[in-house]
Amino acid sequence: MHADTTTNAGQILAAASGGKRRWGDRIFSNLAVAAGVTILALLAGVALFLLIESLPAVSADSARLPEGKSLVDYIAPLAFGTVLAATIAVLIAVPLAVAVALFISHIAPRRIVLALGFLVDLLAAIPSIVYGLWGIFVLGPAAVPMLEWLEKKLGFIPFFEGPASSTGRTMLVAGLVLAVMILPIVSAVAREVFTQTPRKLQEGALALGATRWEMIRMTVLPFGKSSIISGAMLGLGRALGETMAVTIILSVSGIVTFNLISQANPSTIAANIALDFPESSGLAINTLIASGLVLFAITLVTNLGARAIIARQNIQ
Amino acid sequence: MQAPAEKAARLEPATLGGGMLPDWAPYGVIAGSMLFAAALLAATGAFSVALLLVVSTVVSCLTIYAWSRAVEGRRRALDRLVTFAIIAAFALALTPLLSLLFEVVKRGLPGLSWEFLTGTPRGVVGGGGAAHAIVGTVVITAVTAAISVPIGIMAAIYLTEYGGKGRLRRALTFFVDVMTGIPSIVAGLFAFALFAIFLGPGIRLGLMGAVALSVLMIPIVIRSSEEVLKIVPNHLREASYALGTPKWRTIVKVVLPTAFAGLVTGVMIAIARIVGETAPLLVTTGIVDSINTNPFEGRMQNLAVYAYSEYRTPGVMKQASYDRAWAAALTLIAIVMILNVVARLIYRRYKTEIR
């Protein structure tokens, strides 16, 4: 690669041009290495300090933990709620995100593509606290008729068993808001790859008489399939860890249920921390940090999976 | 482009009468469907904007498919249907953005006053302003940037200029990816755990918040800086080496200035990303109602946490608290938007033309 030859040339020149200049070089390159090592240390620190601070909760007698439950019994319903909310978000966001990506990459007029991309990026820039306020004051009340309709017409499905919430502070609404929040991430990953679909494939398809949709279905979508999957997993990782929107919107009661439209919902790990942490002390804090460690592990696995898919695709 | 008639003939050679919908067909169908849906809803008495949009979308999709199928055949009809569906999905995806911006402005403006920007709640019953939160946001963000920008840019320099193909480089690339995925609340817990071990569990500092936010900001700075450093052309570096310039002076005097606009843009967008973070600050900086400018001592309020606590624990006058929460949200969005737009303007105005 080019970079290597220049690096070598730089080193040789630096070496040839005498001691005085090598001092500056040495300091600067050490600084750069130090910055890199700091980041690795920081990440190791995140895992290490969370582990240290959660150990007291692991070893403590379960009677002394919050709610008098064992650590596993305490975290399991939260983990369930976390995964449930994130799954709803991904199921709603991915089809929309693919459509948005296709619209920007293949359907919208060229002139407005930049502006549209900016608009979608804006969705990602809005702070989650604002999404939370919007969710509880605007979307929640607006969603109540929909929840009632779901209960009436689809109540035989366990998800929509009801009774429908009268405030809209339900798992389904929280999932909807999470979907809006992760949509730009999923669509950015998909769009990136959609625009890289080889032109000759696309033009070949069109030349053979394919309509635009047939061209997309036969060239763009197969080419971008793994990017859709990895984008979905990145979005999942984001949704799993999203805190404030869920904290504000969801009315929680610590139960485990698949009922998405009622007033009683399982909490999520992140929301539970945000709700309880400010008023906790002692072992309760250690317990919350232990749950945070579990969340860290779940998101880590999800993100590594996504990166592995992206890496494999890059090799191809 | 070929004439429409030719195109249609090629697509549907079997049907001699195979025609083509007029150019205005999609717009006509959309307009017609909206009128039809409005009439239908008005007749049934269940009129609402949301319902109107849903019904007219469904009707227009069905109409264009049926019409096109009758005139152009199955394949073209499907193409038109999918195009309609994708446009509808795009509109649906942007609806929350429009609704959110509209509502934030509408509900935020009543609370946004001179008192809100300059006063504090200290000693005021059920009122006061958010000056303490604004000051806190500025201080915490400044400290975060002071930690993250040097580390982030130096690490990016390492990755592009020094890393080669070494093991540290690969590890760094991998772990920066990992770091981007850390949930913000976990970053907050980390900062809390770090300080709690040394200073006791009751500790709340502006600095703790800045450390938590740095965990989130550093990977963003590295990613964006790496992108812009990578596209600095090698012939610039080579020309500098050929003049006998040491590598570090080449980086400082040639590479960084060339990439400067991109670096600034990246840093501003990274700041926009973290300025509205709530969760990590909720567990690290605490809640307080007077101005604190010292990140090394005492609790510090900030806009996002202020908005949350005004919503969560409204005072006696509930609506006034909610107004302040929305005003804080509006202020935050304004900051984020300004940062984003200015960053892009800077990039467009000052980026070095690379040939």
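Residues numbered from 1 in each chain as written. Chains lettered and ligands numbered in written order. Predicted model: local features only at pLDDT ≥ 70, side-chain atom pairs only at ≥ 80, totals over all residues.

### So, the overall build of chain A
Thought 1: From N to C terminus, chain A includes 11 helices and 0 strands.
Thought 2: Helices and strands in chain A line up, N terminus first, as α-α-α-α-α-α-α-α-α-α-α.
Thought 3: Relative to the globule expectation of 20 Å for 316 residues, the C-alpha radius of gyration of chain A, 25 Å, shows a markedly less compact shape.
Thought 4: The dimensions of chain A, computed from C-alpha atoms along their principal axes, are 75 × 65 × 30 Å.
Thought 5: With 316 residues in all, chain A has 47% of them scored as buried.
Thought 6: Taking as baseline every contact in chain A between residues at least 6 positions apart, the subset at least 24 positions apart corresponds to 79%. (Helix = DSSP H or I, 4+ residues; strand = E, 2+ residues; numbered from the N terminus. Rg over C-alpha atoms; globule rule 2.2 N^0.38 Å. Buried ≥ 20, exposed ≤ 12 C-beta atoms within 10 Å, placed from the backbone. Contact = placed C-beta atoms within 7 Å.)

### Notes on the domain arrangement of chain A
Thought 1: Domains assigned within chain A are domain 1 (2-51) and domain 2 (67-315).
Thought 2: Between the C-alpha centres of domain 1 of chain A and domain 2 of chain A the distance comes to 39 Å. (Domains from an automatic or database assignment.)

### Remarks on the packing of helix α2 (residues 25-44) of chain B against helix α3 (residues 49-72) of chain B
All names here are of chain B.
Thought 1: Running from N to C, α2 and α3 cross one another at 135°; their axes reach a closest spacing of 8 Å. Accordingly, the angle class assigned to the pair α2 and α3 is oblique. Once α2 is placed against α3, the crossing between them reads as right-handed. Here P26, V29, I30, S33, M34, F36, A37, A38, L40 and L41 of α2 come into contact with α3, specifically with L51, L52, V55, S56, V59, S60, T63 and I64.
Thought 2: Taken together, the residues that form the contact of α2 with α3 break down as 14 nonpolar, 4 polar and no charged. (Axes fitted to C-alpha atoms, helices over the stretch in contact; angles between N-to-C directions. Parallel < 35°, antiparallel > 145°, perpendicular 65-115°, else oblique. Left-handed = near helix turned anticlockwise from the far one by under 90°. Nonpolar A, V, L, I, M, F, W, Y, C, P; charged D, E, K, R; others polar.)

### Description of the nonpolar core
Nonpolar side chains in soluble globular proteins tend to be buried together.
Thought 1: The biggest cluster of nonpolar side chains holds 188 residues, and the ones touching the most others in it are V130, L133, V177 and L178 of chain A together with F190, A307 and A329 of chain B.
Thought 2: Sequence-distant contacts of A307 of chain B, that is, excluding residues within four places in its chain, are made with I129 and L133 of chain A together with A325, A328 and A329 of chain B.
Thought 3: Grouped together as the second largest cluster of nonpolar side chains are 6 residues, V29, I30, C61 and A88 of chain B included. (Core = buried A, V, L, I, M, F, W, Y, C linked by C-beta atoms within 7 Å.)

### Re the environment of P222 of chain A
Thought 1: Note on placement: P222 of chain A falls in helix α8 (residues 212-241).
Thought 2: Each C-alpha atom of the pair P222 of chain A and V72 of chain A lies 42 Å from the other, and the pair is 150 residues apart in sequence.

### Remarks on helix α4 (residues 74-108) of chain B
Working note: α-helix, 3.6 residues per turn, so residues spaced by three or four point in the same direction.
Thought 1: With 35 residues, α4 of chain B ought to run about 51 Å at 1.5 Å a step, and its terminal C-alpha atoms sit 51 Å apart, in line with that.
Thought 2: At L94 of chain B, α4 of chain B shows its maximal kink, close to 30°; a proline, P96 of chain B, follows between one and four residues later. (Expected span 1.5 Å × (residues − 1). Bend = angle between axes of the 7 residues up to and from the residue.)

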